[in-house]
Amino acid sequence: MNLAIRDIRYHRGRFILTTIGLGLLLGVVISMGGIYRGLSADALAVLESTRADIWVVQQDTNGPFAESSRIPEDSKYRIKSVPGVAEASPLSFQTIQIERQGKPFRFFLIGYDLNGLGGPSEILAGRDIRQKHYEMVVGKSMKMGIGEKIHLGLHDYTIVGITGKVVSSGGDAVAYVSLADAQDIQFKKDNDAIRNDRERIGDNLAGIRILSPVQTKYLKQNIAAISESTHTVNTVVARLMPGANLHEVQERISRWNHFHPISAEEQIRIMTKGMIEKARMQIGLFRVILLVISAVIISLIIYTSTIDKIKVIATLKLIGAQNRVIIGMILQQSLLMGVIAYFIGYGLILLTYEKFPRRIVLEAFDLQVLFVIVIVISMGSSFVGIRKALKVEPAEALGG
Amino acid sequence: MGEIKYAIEVENLTKIYGKGVTAVTAIADATLQVKPGELVALLGPSGSGKTTLLTSIGLINEPTHGKVVIDGTMVADEGWVPGLDLKRLRREKLGFIFQAHNLIPFLTALENVMIALEINHMTRKEATVRATELLESLNLGHRLYNYPSALSGGEAQRVAIARAMANKPKVILADEPTAALDTENGKNVMALLKKLAVENNSAILVVTHDHRMVEGFDRIFHVNDGRLVN
Ligand SMILES: Nc1ncnc2c1ncn2[C@@H]1O[C@H](COP(=O)(O)OP(=O)(O)O)[C@@H](O)[C@H]1O
Ligand SMILES: [Mg+2]
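About the criteria used
Residues numbered from 1 in each chain as written. Chains lettered and ligands numbered in written order. Predicted model: local features only at pLDDT ≥ 70, side-chain atom pairs only at ≥ 80, totals over all residues. Heavy atoms only, no water. Phe/Tyr/Trp six-rings, centres within 6.5 Å; stacked < 30°, edge-to-face > 60°. Helix = DSSP H or I, 4+ residues; strand = E, 2+ residues; numbered from the N terminus. Buried < 20%, exposed > 50% of the residue type's maximum accessible area, 1.4 Å probe, protein only. Near = heavy atom within 4 Å. Polar contact = N/O pair within 3.5 Å; in protein donor to acceptor, adjacent residues only side chain to side chain. Areas by Shrake-Rupley, 256 points an atom, 1.4 Å probe, with all protein chains shown as cover. Nonpolar A, V, L, I, M, F, W, Y, C, P; charged D, E, K, R; others polar. pLDDT = per-residue confidence, 0-100. Core = buried A, V, L, I, M, F, W, Y, C linked by side-chain atoms within 4.5 Å. Domains from an automatic or database assignment. Pairing = 2+ DSSP bridges. Axes fitted to C-alpha atoms, helices over the stretch in contact; angles between N-to-C directions. Contact = heavy atoms within 4.5 Å. Parallel < 35°, antiparallel > 145°, perpendicular 65-115°, else oblique. Left-handed = near helix turned anticlockwise from the far one by under 90°. Buried area = accessible area lost by both parts, 1.4 Å probe. Salt bridge = Lys/Arg side-chain N within 4 Å of Asp/Glu carboxyl O. Expected span 1.5 Å × (residues − 1). 1 Å grid on protein atoms, 1.4 Å probe; cavity = no way out; pocket = protein on both sides within 12 Å on 5 of 7 lines; lining within 4 Å. Points joined across faces, edges and corners; volume = space filled by probe spheres on them.

Colleague: Is there a simple way to think about the packing of aromatic side chains in this case?
Modeller: Any aromatic ring pair is given by two values, namely how distant the centres are and how the planes are angled relative to each other. Taken as a whole and assessed by the stated rule, the structure comprises 13 aromatic pairs over all chains. Aromatic pair Y10(A) and Y147(B): ring centres 4.8 Å apart, planes at 55 degrees, arrangement tilted. Remark: Y147(B) occurs in the loop between α4 (124-137) and α5 (153-165) and Y10(A) occurs in helix α1 (residues 3-10); the pair is interchain, linking two chains. Assessed through its relative accessible area of 29%, Y10(A) is described here as partly exposed. Take Y147(B): its relative accessible area is 23%, and that puts it in the partly exposed class.

Encoded structure:
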């Protein structure tokens, strides 16, 4: 006869309430694990959807996600000419905040070469960008429709397609425009600013006595052109030819000045180690704390329910019940509490995880590990109760 | 092995609680024998040492001096005989009945009897049959699935008697089994014990402080200040 279940059935109120409470706690533990996995997945989403082998960024930086990086757009020609490189495309990344329905709304804008790498990996509705200007593809999570317009910089951009659930490393929705548009949005100054800059350059040059008027005019044109140029990108990504040696290609690019070629694998390491490591430790710490709280709750409940059963335990001992009968009763209650709470928590998250503001990724491995931890905690938590029970003397069954 | 003459043999049993100046001699030099099928009462005022004697015989209170033999097995000789499995002896040879019925509150009447059988290695099926029969024989057939809290005092005590009888023990020890009952129910319980002693050939030792309850007992011992008087 299973004493554990019969006791629980008789005292169901306390058991159910405690187990639901524990279930909520374990639900939070599960969701935190899922949030961490989600952070990882989000952090790597743009990286992975680009499917590049090498990310060439500004020297001494780990860009373009972890640090800012700027390189000239035309470096793509040099990179493409490296033996082993099949394709090289410039990409521009920027975070943009606009006002939408009276609320700030942030998204991550990717500018890509329409014939190159880094564009939307799938189109769920509408079409790819075809015109060189003023067209836009947005992620589903931006919740915008085809034909809608967004005003960015100096122009309106029309949404022509909807892409999947790619998000930026910060979890923001992603939108795509042509590289030229992205550069305009990022760098192009309005006419007043241009006029001011030109005047300032003119004034400065006029102060230099040794320049002839012709030289001054020539310099002024050139400096203005450079300062108004938008042909800067954040990275040039490259895809290798089949069988090409990644190391050799990296080697060759890094020998040039001004560039840092990062392999996709290194890029993943930079993202996970650098950007989400802290989040991982933070979330990990919270999970440990919550698990400790769960252990304390189970211990407390099992201990108090053992205290309530002292007379029952003494009676069992008196009529000759083996220790395993008594240990079994306590241990099974503890395990039942832990296991049921685990499934309550799991069920809860399964029903709600899609409604969380950040992505939650439930990995079978994480869930299994947590299950084992819950079992271990339940067994450990029953220890105090069991120790108490084993100390009970059969004579305690006598008397009132 | 010859016929066992006594179910309980106690020889010069002394129980001293504590040590030194605080030592209390609860039972001094008690000697008694109970035959199978005999119904014996220990009568005495509160604090006289009745429970101490009963629990020393019942393998839950180690005697300080003297011998205890249960159903032919020497269990105590100047303290417990080493190497005995006291729990096993308790579940195979002894049945206990208490003042408070001591039923397990989260088990039904039937389960309270079954648990005694199951810990003694009876299968659930056999235990169900035996426990049901026992309870029916004690007129509790209509109470099988009730929890103790739903039983009257007399009913609960009869379930406790069924539990004590479940493994057909050679010895039944009852500590004030009628104290929580009214006179009529108390007398019924005593009559039931008498009947069981005869039917099962068990030795039954009943502790009570109520002399009205000891009618029809085979023998009565008086306990006074730790001394046993015939
Ligand atoms: N566990 C114990 N420790 C110390 N003294 C005890 C203990 N149990 C009983 N006594 C003492 O032994 C004496 C006999 O007690 P008990 O056997 O319970 O008497 P009765 O059952 O006749 O009322 C009493 O003086 C009591 O205080
Ligand atoms: Mg007593």
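Colleague: Just checking my understanding: could you explain the site of ligand 1 for this structure?
Modeller: Residue and element names in this part refer to chain B. Taken together, Y17, A26, P45, S46, G47, S48, G49, K50, T51 and T52 make up all the residues around ligand 1. One of the backbone nitrogen or oxygen atoms of G47 is found 2.6 Å away from an oxygen atom of ligand 1. In the model, an oxygen atom of ligand 1 is placed 3.0 Å from a nitrogen or oxygen of the G49 main chain. Out of a free accessible area of 550 Å², ligand 1 has 57% covered by protein chains. In terms of residues, the shell around ligand 1 owes the most to one element, helix α1 (residues 50-57), which gives 3 residues. Here the residues of the shell around ligand 1 are counted per class, giving 3 nonpolar, 6 polar and 1 charged.

Colleague: Could you clarify how one ought to interpret the confidence of the model for chain A in this entry?
Modeller: For chain A, the average pLDDT comes to 89, and 98% of its residues sit at 70 or higher. Confidence, expressed as mean pLDDT per element, reaches its minimum in chain A at helix α6 (residues 213-228) of chain A with 75 and its maximum at helix α11 (residues 323-352) of chain A with 95.

Colleague: Mind showing me how you'd approach the nonpolar core here?
Modeller: As a rule of thumb, soluble globular proteins bury nonpolar side chains together. In this structure, W55(A), L316(A), I8(B), I57(B), L173(B) and L205(B) are the most contacted members of the largest nonpolar core, which totals 147 residues. At 14 residues, the largest contribution of residues to this core is made by helix α2 (residues 12-50) of chain A. A domain-level breakdown of this core finds at least three residues from each of domain 1 (3-42 + 277-397) and domain 2 (60-188 + 230-256) of chain A. Among the nonpolar cores identified, the runner-up in size contains 19 residues, and I96(A), M136(A), I159(A) and A175(A) belong to it.

Colleague: Please explain the sheet that holds strand β5 (residues 73-77) of chain B as it appears in this structure.
Modeller: Think of a sheet as strands paired side by side through backbone hydrogen bonds, with each pair either parallel or antiparallel. Residues and elements named next belong to chain B. Spatially, 4 strands are ordered β2-β1-β4-β5 in an open sheet, and the strand pairing comes out antiparallel. Of all the strands in the sheet, just β2 (24-34) and β5 have a single pairing partner and so form its edges. Across this sheet, the average inter-strand angle for adjacent strands is 20 degrees, counted without regard to direction. Where α1 meets the sheet, its contacts fall on β1 (8-17), β2 and β4 (65-70), and the angle it forms with β1 comes to roughly 120 degrees.

Colleague: I would appreciate a short explanation of the environment of A156(B) in the present structure.
Modeller: Residues and elements named next belong to chain B. One can find A156 in helix α5. Remark: the alpha-carbon pair of A156 and L140, spanning 16 residues in sequence, is separated by 9.6 Å. Those residues in contact with A156 that lie beyond four places of it in its chain are H101, L103 and L151.

Colleague: Would you take a moment to explain the packing of α2(A) against helix α12 (residues 364-391) of chain A for this structure?
Modeller: The description of two helices packed together rests on the angle between their axes and the distance between the axes. Residues and elements named next belong to chain A. The interhelical angle for the contact between α2 and α12, taken along N-to-C directions, is 150 degrees, at an axis separation of 11 Å. Here α2 is positioned roughly antiparallel relative to α12, judged by the angle of their axes. Note that α2 runs across α12; the crossing there is right-handed. Side by side, α2 and α12 meet where L26, V29, I30, G33 and R37 of the first sit next to D366, L367, L370 and V374 of the second. Considering only residue class, the contact of α2 with α12 consists of 6 nonpolar, 1 polar and 2 charged.

Colleague: It is not clear to me how the interface of chain A and chain B should be interpreted in this structure. Could you clarify?
Modeller: One widely used convention gives an interface's size as the accessible area the parts lose upon coming together. Taken residue by residue, the interface counts 26 residues in chain A and 26 residues in chain B. Of the roughly 2300 Å² buried between chain A and chain B on both sides combined, carbon and sulfur atoms contribute 66%. At the surface where chain A touches chain B, the tally comes to 1 salt bridge. In this structure, R6(A) and E111(B) form a salt bridge, with 2.5 Å as the shortest nitrogen-oxygen distance. Where chain A packs against chain B, one counts 11 residue pairs in polar contact (both at pLDDT 80 or more). For the side of chain A that touches chain B, the secondary-structure elements that each account for two or more residues are α1, α10 (310-318) and α11 of chain A. The element that contributes the greatest number of residues to the side of chain A that touches chain B is α10(A), accounting for 6 residues. Its residues assigned to classes, the side of chain A that touches chain B shows 14 nonpolar, 5 polar and 7 charged.

Colleague: Just checking my understanding: could you explain the packing of α10(A) against α12(A) for this structure?
Modeller: Residues and elements named next belong to chain A. Look at α10 against α12: their axes get within 9 Å of each other, and the N-to-C directions meet at 55 degrees. Classified by the angle their axes make, α10 and α12 are oblique. Helix-helix and strand crossings are classified by hand; for α10 and α12 the assignment is right-handed. Of α12, the residues touching α10 (which contributes I310, I313 and K317) are K388, A389, L390 and K391. Each residue belonging to the contact of α10 with α12 can be placed in one class, and the counts come to 4 nonpolar, no polar and 3 charged.

Colleague: In this structure, what is going on with α4(B)? I would like to understand it.
Modeller: Each full turn of the α-helix corresponds to 3.6 residues, which orients residues three or four apart in the same direction. Residue and element names in this part refer to chain B. Here α4 contains 14 residues, and its C-alpha end-to-end distance of 20 Å stays within 8% of the 20 Å for a straight helix at 1.5 Å per residue. For α4, every residue scored as buried is listed here: A127, R130, A131, T132, L134 and L135. Tucked into the core, α4 has its buried residues touching α3 (109-118) and α5. Following α4 by one or two positions, N139 adopts a phi angle in the positive range, close to 60 degrees.

Colleague: Please clarify how the pairing of β2(B) should be interpreted in this entry.
Modeller: Residue and element names in this part refer to chain B. Where β1 meets β2, 7 bridges bridge the pair, whose relative direction is antiparallel. For E9, the partnering residue across the bridge sits in β2 and is Q33. Hairpin geometry of β1 and β2 is characterised by an intervening segment of 6 residues between the two adjacent antiparallel strands and by a positive phi of about 75 degrees at G18.

Colleague: Mind showing me how you'd approach the layout of surface pockets here?
Modeller: Empty space among the atoms becomes apparent when a probe as large as a water molecule is rolled across them. Residue and element names in this part refer to chain A. Size it by volume and the largest pocket reaches roughly 650 Å³. Lining of the largest pocket is provided by 19 residues; of these, S141, K165, V167, F356 and P357 occupy positions nearest its centre. By residue class, the composition of the lining of the largest pocket is 7 nonpolar, 2 polar and 10 charged. Its volume calculated, the second largest pocket comes out at about 290 Å³. As for the second largest pocket, its lining consists of 14 residues, and the residues nearest its centre are G33, Y36, R37, R287 and D366. Mapped by element, the contributors of at least two residues to the lining of the second largest pocket are α2, α9 (277-308) and α12. Among the residues forming the lining of the second largest pocket, the class breakdown is 8 nonpolar, 2 polar and 4 charged.

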